[in-house]
Amino acid sequence: MWPDWRFAKSTRLPREAYDNQDASFHLVTAAAVGSAPFRDARMGNEVWRLLLNELDRDSVVLVAACLMPDHLHVVARPRTANLADWFGEFKSLTTRKAWRLGRRGAVWQPSFYDRRLYGGQVGAVVAYVLRNPEEANLVEDMSEWPWVEAWVSD
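Residues numbered from 1 in each chain as written. Predicted model: local features only at pLDDT ≥ 70, side-chain atom pairs only at ≥ 80, totals over all residues. Heavy atoms only, no water.

Chemist: How do you make sense of the pattern of salt bridges when you look at a structure like this?
Modeler: Pairing between side chains of opposite charge can happen when their charged atoms approach one another. Inspection of every chain in the model, using the stated rule, returns six salt bridges. Here lysine 97 and glutamate 46 are joined by a salt bridge, their closest N and O atoms 3.6 Å apart. With lysine 97 in helix α2 (residues 83-100) and glutamate 46 in helix α1 (residues 41-53), this pair connects stretches of sequence that are 51 residues apart. Among the residues examined, glutamate 46 registers a relative accessible area of 19% and is labelled buried. Glutamate 54 serves as the salt-bridge partner of arginine 57, at 2.9 Å between the closest nitrogen and oxygen. With relative accessibility at 44%, the residue arginine 57 sits in the partly exposed group. Through salt bridges with shared partners, a single ionic network connects Glu46, Arg49 and Lys97. (Salt bridge = Lys/Arg side-chain N within 4 Å of Asp/Glu carboxyl O. Helix = DSSP H or I, 4+ residues; strand = E, 2+ residues; numbered from the N terminus. Buried < 20%, exposed > 50% of the residue type's maximum accessible area, 1.4 Å probe, protein only.)

Geometry only, nothing functional implied.
See the structure below:
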């Protein structure tokens, strides 16, 4: 018998988990199915600029991030915003910007992956995020990729 998807268990943590200022999370969102919108440097630069703007806001602590041609990695902690809400709002903001740049349709897939990180996992995940462009053979050295950076050692 097939499972009844109307009653599928949520994969999200309880809402309050995303408010815990002591918790770090690895968030990943994929571009719309079959697209790689950030191969367009103009689009990638705008999404990255919007992410960098978050460094000056009080809503989250950005630890590291990497924008790839077809997905985005963010390692962050909540500050004054619920992290899951913030990420959804960031996706909406970047979608509206992409539309103003001429993109039609969805930019991101509807949901995103998240994982709470514990102890030494933060450093390992940051290293993984920073290596993404090299592992995908987009560059020989991370420093050559325009949209990858670590800001806070956790």
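From this point, the discussion proceeds with the structure in view.
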